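The lines below spell out each chain.
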Amino acid sequence: MALKAGIVGLPNVGKSTLFNAITKKNILAANYPFATIDPNVGVVTVPDKRLEFLENMYIPKSLVPTTFEFTDIAGLVKGASKGEGLGNKFLSHIREVDAIVEVVRCFKDENIIHVEGGVDPIRDIEIINLELILADLEIIENRIDKIAKKAETTKDKEALKEVEVLKKAKESLLNNQALRLLSFDEDELAILKPFNFITLKPIIYVANIVEDDIALVDNEYTKIVKEYAAKEQAGVIVMCAKIESELAELEASEKELFLHDLGINYSGLDKLIFATYDLLGLQTFFTVGSDEVRAWTFKKGTTAKKCAGLIHSDIERGFIKAEIMKFSDLEELNDEKKVQEAGKLYLEGKDYLMQDGDIVYFRFNV
């Protein structure tokens, strides 16, 4: 289950610097897969120290972490939704992502020109958010124009319901309110899903600061970004994109030392991945053995049978039982047999809800 996030922002806010850090992140040294799919897509691994423990225990031929995909959307400007600048060209790409990462400039630098003439993070956020709203609004209006008259004429229940939901969404957007802030029931969400509305996706703001501000809890700009985000129930990650770019060039041991010198435990990029993981309600289970140790991503509340399908459809189809031990138990006892002897190896049925950190062996027959 590959995770996808779209990075948006005005020009010269640090968006490209952050994306460059993503595409340069040196993870090949740890035998992790890495790829730059095309010039505006980069893939990194989801940091998980549990994999290190499992690798040391099983000494597998292959170690496969779960991955995160970032799509870099060209710097948006006012009027992007109507064809201004280059950003509108990529708005279709962002409809395919799971979450939005909006980079906001929270630093002054006379050498870096701001397209709007000066640093004002709330103004910048509202410019970007308005363009995303307008992009969604155009799709809604086109769809309503296409089906509303026919729905009224035929009295088709499904068509009438679709028009009703789209008008509800349109009213929200006309009031400058993102669709994620509106309440929709399951049936309404099912109607909206095929449109991949951008403003229905969860959002995280990246407050980009300068190196000198890393030791601060907040600077004058990050504080107001956090206040704004709180009203939207959105997350904020404060990071220095320039530092992230430098960290991406380092080996793992050098990176740890660098972070230690800065007085922080995780890089900003790692924090961003953790926060997006949490935002999307995602968790991790593991499959282990001498051939392969692998992390799998699933949505919280997914059954064992459905998780089996993430590995292969045949395993889901022929599901019998899931043999499960908790990572915490294996870490504590340091031996599979000891886990079993302690009565902490469980057999679960198809309706068992998988938990973060489950180590699972699926029994199946096809």
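Because the structure is a prediction, the values reported are computed rather than measured.

So, how was this worked out
Residues numbered from 1 in each chain as written. Predicted model: local features only at pLDDT ≥ 70, side-chain atom pairs only at ≥ 80, totals over all residues. Heavy atoms only, no water. Helix = DSSP H or I, 4+ residues; strand = E, 2+ residues; numbered from the N terminus. Buried < 20%, exposed > 50% of the residue type's maximum accessible area, 1.4 Å probe, protein only. Contact = heavy atoms within 4.5 Å. Areas by Shrake-Rupley, 256 points an atom, 1.4 Å probe, with all protein chains shown as cover. Core = buried A, V, L, I, M, F, W, Y, C linked by side-chain atoms within 4.5 Å. Axes fitted to C-alpha atoms, helices over the stretch in contact; angles between N-to-C directions. Parallel < 35°, antiparallel > 145°, perpendicular 65-115°, else oblique. Nonpolar A, V, L, I, M, F, W, Y, C, P; charged D, E, K, R; others polar. Left-handed = near helix turned anticlockwise from the far one by under 90°. 1 Å grid on protein atoms, 1.4 Å probe; cavity = no way out; pocket = protein on both sides within 12 Å on 5 of 7 lines; lining within 4 Å. Points joined across faces, edges and corners; volume = space filled by probe spheres on them. Arc of directions from axis to C-beta. Expected span 1.5 Å × (residues − 1). Bend = angle between axes of the 7 residues up to and from the residue.

Moving on, we get to the overall build of the chain. Of the regular secondary structure elements, the chain holds 14 helices and 13 strands. The burial tally for the chain puts 46% of its 366 residues in the buried class. Put simply, of all contacts in the chain between residues at least 6 apart along the chain, 69% involve residues at least 24 apart. If you sum the accessible surface of the chain, you get close to 18,800 Å²; carbon and sulfur atoms cover 49% of it.

What follows is about the nonpolar core. Counting 54 residues, the largest nonpolar core has Ile22, Phe68, Phe70, Tyr205 and Leu272 as the members making the most contacts within it. Judged by nonpolar contacts, the second largest core, of 19 residues, contains Leu137, Ala159, Val163 and Val165.

Contact geometry of helix α4 (residues 121-154) with helix α7 (residues 220-232) gives a least axis separation of 9 Å together with a crossing angle of 40 degrees. As judged from the angle between their axes, α4 and α7 are oblique. On the side of α4, the interface is formed by Pro121, Ile122, Ile125, Glu126 and Asn129, while α7 contributes Tyr221, Ile224, Val225, Tyr228 and Glu232. In the contact of α4 with α7, the residues fall into seven nonpolar, one polar and two charged.

Direction vectors running N to C along α4 and helix α5 (residues 157-174) enclose 150 degrees, while the axes themselves pass 9 Å from each other. Between α4 and α5, the angle falls in the class roughly antiparallel. Seen from above, α4 lies across α5 with left-handed handedness. Contacts between α4 and α5 involve Ile133, Asp136, Leu137, Ile140, Glu141, Arg143, Ile144, Ile147, Ala148, Ala151 and Glu152 from the first element and Ala159, Leu160, Glu162, Val163, Leu166, Lys167, Ala169, Lys170, Leu173 and Leu174 from the second. Of the residues assigned to the contact of α4 with α5, the class counts are 14 nonpolar, no polar and seven charged.

Position of Thr287 relative to the elements: it lies in strand β9 (residues 282-287). Thr287 sits in the buried class, given a relative accessible area of 15%. Apart from the residues within four sequence positions on either side, Thr287 is in contact with Glu292, Val293, Arg294, Trp296, Ile311 and Val360.

Turning to empty space enclosed by the protein, a few remarks are in order. Per the counting criterion, the structure on display carries three cavities of 30 Å³ or more. Quantified by volume, the largest cavity comes out at close to 50 Å³. As for the largest cavity, its lining consists of Ile100, Asn129, Leu132, Ile133, Ala178, Arg180, Ile198, Thr199 and Ile203. Sorting elements by how many residues they give to the lining of the largest cavity places α4 first, with three residues. There is about 40 Å³ of room inside the second largest cavity. Residue lining of the second largest cavity: Ile209, Asp213, Leu216, Val217, Asp218, Asn219, Thr222 and Val238, and that is the complete set. Among the residues forming the lining of the second largest cavity, the class breakdown is four nonpolar, two polar and two charged.

Among the residues of α7, those classed as buried are Tyr221, Thr222, Val225, Tyr228, Ala229 and Glu232. Along α7, the residues classed as buried sweep out an arc of 125 degrees about the axis, all on the same side. Exposed and oriented more than 90 degrees from the buried face of α7 are Glu220, Ala230 and Lys231. Downstream of α7 by a residue or two, Gln233 has a phi angle that is positive, lying close to 55 degrees.

Below, the discussion takes up α4. Given a rise of 1.5 Å per residue, 34 residues ought to cover 50 Å, and the 49 Å separating the end C-alpha atoms of α4 matches this to within 8%. Approximately 35 degrees is the largest bend angle found in α4, and it occurs at Ile147. After α4 finishes, the residue Lys155 shows a positive phi value of roughly 60 degrees.

Coordinates in, geometry out; function isn't part of it.
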